[in-house]
Amino acid sequence: MKSKLYIFFFILGYFCNIAYAIKPFRNISVDNGLSSNTINCIFKDSGKYIWLGLPNGLNRFDGVDIISVKYFENQFIVSISEIDSLNLFVASERNLYKYNRRENTASKYELERNQDIKIKKILPDKKENLLIATNRGLFTFVSDKVEKIQSVSSDITDITVDNNNIYWITTTSGLISYNVLSGSLDTYYLFNNKSSNNFSSLSLDNNNIYLGFQNSIYCFDIIAKAFDKIIDLDNNYILNIYYNDNRLYVGTNGGGLKIISLTDRSIVSLTHNPSNPESISSNAIYSFLLDGESFWIGTFVGGLNYTPYIRNIFSTYSKSGTFDSRGVNIRSMNLIGDNKILGTRSGFIYFGKEKVHIFSTENTPALRSNIILCIYQFKDKYLIGTYGGGIYLFNPDKLTVDRFKKDNVFIDNSFYSITDDNNGYLWLGTLNGLIRYDVKADKYEVFTTINSGLINKDIYYITADTKNRIWIGTNEGICYYENGKIYVPKDIDLSFIKTVRYLFSDKAGNIWIGSEKDGLIKVSPGIDSFEHITTSDFLPDNYVLSIIEDQEQYIWICTPKGMVRYNPESADYRIFSLYDGIPWYTFNSAVQMADDGTLWWGNEKGLVYLNPKDTRWRN
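What you see is a predicted model; the values in this text were computed from it and never measured. (Residues numbered from 1 in each chain as written. Predicted model: local features only at pLDDT ≥ 70, side-chain atom pairs only at ≥ 80, totals over all residues. Heavy atoms only, no water.)

J.: Please explain a nonpolar patch on the surface as it appears in this structure.
T.: A grouping of Tyr 286, Phe 300 and Val 301 is seen on the molecular surface, where their side chains present a nonpolar patch of about 260 Å² in accessible area. Topologically, Tyr 286 is positioned in strand 26 (residues 285–291). Taking the relative accessible area as the measure of exposure, Tyr 286 reaches 32% and is therefore partly exposed. (Patch = residues over 30% accessible without salt bridge, like charges linked within 9 Å, V, L, I, M, F, W, Y side chains within 5 Å. Areas by Shrake-Rupley, 256 points an atom, 1.4 Å probe, with all protein chains shown as cover. Salt bridge = Lys/Arg side-chain N within 4 Å of Asp/Glu carboxyl O. Helix = DSSP H or I, 4+ residues; strand = E, 2+ residues; numbered from the N terminus. Buried < 20%, exposed > 50% of the residue type's maximum accessible area, 1.4 Å probe, protein only.)

J.: What am I meant to see in the pattern of salt bridges here?
T.: It is possible for side chains of opposite charge to pair when their charged atoms get near one another. Summed over all chains, the structure comprises 21 salt bridges. With a shortest N-O distance of 3.2 Å, Asp 155 and Lys 120 are connected by a salt bridge. Here Lys 120 lies in strand 10 (residues 119–124) and Asp 155 lies in the loop between strand 13 (145–149) and strand 14 (156–161), a separation of 35 residues in the sequence. With a relative accessible area of 26%, Asp 155 lands in the partly exposed category. Put simply, Asp 232 and Lys 229 hold a salt bridge, and the shortest N to O gap is 3.2 Å. On the accessibility criterion, Asp 232 (40% relative accessible area) is partly exposed. Among the charged side chains, a salt-bridge network with shared partners connects Asp 45, Glu 82 and Arg 101.

J.: Mind showing me how you'd approach the packing of aromatic side chains here?
T.: Each pair of aromatic rings is reported with the distance of its centres and the angle of its planes. For the structure on display, the rule yields 55 aromatic pairs. Between Tyr 249 and Phe 288 the ring centres are 5.4 Å apart and the planes differ by 15°, which places this aromatic pair in the stacked class. Of the two residues, Tyr 249 sits in strand 23 (residues 247–252) while Phe 288 sits in strand 26, which places them 39 residues apart along the sequence. Given a relative accessible area of 4%, Tyr 249 falls into the buried group. What links up through ring pairs into an aromatic cluster is the set Trp 168, Tyr 188, Phe 191, Phe 199, Phe 213, Tyr 218, Phe 220 and Phe 227. Directly above the ring of Tyr 425 sits Arg 436, whose terminal nitrogen or CZ lies 4.4 Å from the centroid. (Phe/Tyr/Trp six-rings, centres within 6.5 Å; stacked < 30°, edge-to-face > 60°. Lys NZ or Arg CZ within 6 Å of the ring centre and 35° of its normal.)

J.: Sorry if this is basic, but what is going on with the nonpolar core here?
T.: Residues Phe 314, Ile 513, Val 523, Trp 556, Met 563 and Trp 601 are the most contacted members of the largest nonpolar core, which totals 58 residues. Excluding residues that lie within four positions of it along the chain, Met 563 makes contacts with Phe 314, Trp 556, Ile 557, Cys 558, Arg 574, Ile 575, Phe 576, Ile 582, Phe 587 and Trp 601. Ranked by size, the runner-up nonpolar core spans 15 residues in total, among them Leu 393, Phe 404, Val 409 and Leu 428. (Core = buried A, V, L, I, M, F, W, Y, C linked by side-chain atoms within 4.5 Å. Contact = heavy atoms within 4.5 Å.)

J.: When you look at the sheet that holds strand 53 (residues 555–559) in this model, what are you seeing that I'm missing?
T.: For sheets, the rule is that strands pair by backbone hydrogen bonds, running either parallel or antiparallel. A sheet is described by the order of its strands in space; here four strands give the open sequence 52-53-54-55, paired in antiparallel fashion. Looking at strand neighbours, the two that pair on one side only are strand 52 (546–549) and strand 55 (573–576), the edges of this open sheet. Averaged over all adjacent pairs, the angle separating strand axes in this sheet is 15°, with direction ignored. Pairing analysis gives four bridges linking strand 52 to strand 53, with the strands arranged antiparallel. Within strand 53, the residue paired with Glu 549 across the bridge is Ile 555. (Pairing = 2+ DSSP bridges. Axes fitted to C-alpha atoms, helices over the stretch in contact; angles between N-to-C directions.)

J.: I would appreciate a short explanation of the state of the cysteines in the present structure.
T.: The term disulfide refers to a covalent linkage connecting the sulfur atoms of a pair of cysteines. Inspection of every chain in the model, using the stated rule, returns zero disulfides. Just so you know, Cys 558 is unpaired, no disulfide at all, and the nearest cysteine sulfur is the one on Cys 374, 18 Å from it. Owing to a relative accessible area of 0%, Cys 558 belongs among the buried residues under this scheme. (Disulfide = S-S within 2.5 Å.)

J.: Looking at this structure, I do not really get unusual backbone geometry. What am I missing?
T.: Glycine aside, the phi torsion of most residues is negative, and most peptide linkages are trans. Non-glycine residue Glu 128 carries a positive phi angle of around 65°. By the secondary structure assignment, Glu 128 is in the loop between strand 10 and strand 11 (130–134). Not every positive phi belongs to a glycine, and Asp 245 is a case in point at roughly 50°.

J.: What is the right way to look at the confidence of the model for the protein in this model?
T.: One rule of thumb: low pLDDT means the predicted coordinates there are not for detailed reading. When pLDDT is averaged across the protein, the result is 92; 95% of the residues are at 70 or more. Of the regions scoring below 50 in pLDDT, residues 1–22 engages in 14 contacts with residues more than four places distant in sequence or in other chains. (pLDDT = per-residue confidence, 0-100.)

J.: In this structure, what is going on with the environment of Gly 581? I would like to understand it.
T.: Mapped onto the elements of the fold, Gly 581 is located in the loop between strand 55 and strand 56 (587–593). Apart from residues lying up to four places away in sequence, Gly 581 is in contact with Arg 311 and Phe 314.

J.: In this structure, what is going on with the pairing of strand 16 (residues 174–179)? I would like to understand it.
T.: One face of the sheet, then the other: side chains in a regular strand alternate in exactly this way. Of all six residues that make up strand 16, five are buried, and the element is covered over most of its length. Judged from the six bridges that link them, strand 15 (residues 166–171) and strand 16 form a sheet pairing that is antiparallel. Considered in strand 16, the bridge of Ile 166 is made with Asn 179. The turn linking strand 15 back onto strand 16 is made up of two residues. In this structure, strand 16 lies alongside strand 17 (residues 185–188), joined through four bridges in antiparallel fashion. Its bridge partner being in strand 17, Tyr 178 is matched across the sheet by Leu 185. A loop of five residues connects strand 16 with strand 17, the two strands running antiparallel in sequence, and Gly 183 in this loop sits at a positive phi of about 80°.

What follows is the structure in structure tokens.
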């Protein structure tokens, strides 16, 4: 029976090793923007940014870009923590800093003037007091003051706090429990010789504390006050230890990351494999963070390794036997009604009743440009606006493409945006001004910077609001058409807005302006107030590519570094990234909502969609 169990666990352990070994890691190094390839500590803040403490500074990773915080350049950062969403606490070897993330300023706090003091770790307790563990004892940071806990003066190597706000501290001479309320302190020894109790790290699980001691792991039972050896790790010196879900994640100095099952004591080793670029980059594990199913591993001279956790919240359209949009650059679209058309950089795609038809300059003589900027339903046909090739009329019944008009303004021009108003006019935004087309009379008028109040001839987006005003987004700012004239907002100063890439009018009558560098601007229906939202608030990037409102009045905002779902009433928001199923960050201005509430976006890697009513993604 024992032999069968042994074989079973051997096979189980073998397959577990395979599962972890093939888990693909991505590596970030100085080649990608890190200030150093040695990662002393890793911290994920409440805004979901990853902060990295390095021997020469502080870096922030947002999933795309790495930012080096200039204030901390050339400082040896050992630990990072937070108590609120505004301030980040950063510890160098000798000093504590309170870093204001919004203002990008920091305050410095000295612990002692003793030159030998070294901070090992900072973390908050259950009362949101910041604890500072050092080689010369324990300090607290409360009400902007550093105070020393006189009864704890040992050389601390690690610290954690249990649910009763008891501090558990590993030192070079034993394990300490400190009751901050009563001031009582107890020390527990693994060996009678106190100097032999040099613990390197610890991790807490309810009533058990797991301890790293040289190359061995011990468990301390808080109730029984007793030590028990868990396992030996050969000659792998333990640097850090983390408990989660009946497993221990142990970072070693030279043996990689060990994943130990507390059920059967089996070990999975994640190590560097020179022939496998998706393995970890170094076997010296200086820091470790487990974020859900994602591993974040900081190494010595190997940079940062992480495993992206992909949640299939968003999908890329693919239907067997008809059309697979994956990898197709979707520049524009019209998915409303029976006829569905996608514009790309290689022509446009029409989904007919029986088959898919592709129109390009190669098979359509009338078409002079393959870059399809906009698609608009016009009666029973569709207007196709191109870059540099003018505007065309597509007949889905006859599958023909013809010129919309033969006047030069409709031929030698780029058409970025089309909308209509309540007076029977069609409005077209081009790189040579604004065109108003009278559908009934078949006449048109061109508004330029010379004959009107238009502020720039390069128009990237236009939209009609609930008051039948036409908003015009240009290369030099925002203006609007009302009652025969074009105006610049006069009661509010929007002159800081440069290039406008997208405009959207919500159900409440607000105008949302997506700029190229200046973030998101929400203008009130009366054009008498506005709200400016940037990366200082919650935007992943100040370039806003598209905006749309779903059926629950949430605003969805696309940027080159992620998508945001925003509640204008509560100011709550949620950021989505590549790990949520988005195929790539490069979205175009194409976005639409179907009758069933499904949202569709044009992306460089395909046609992306999500139904906000689907409760699965909310969890």
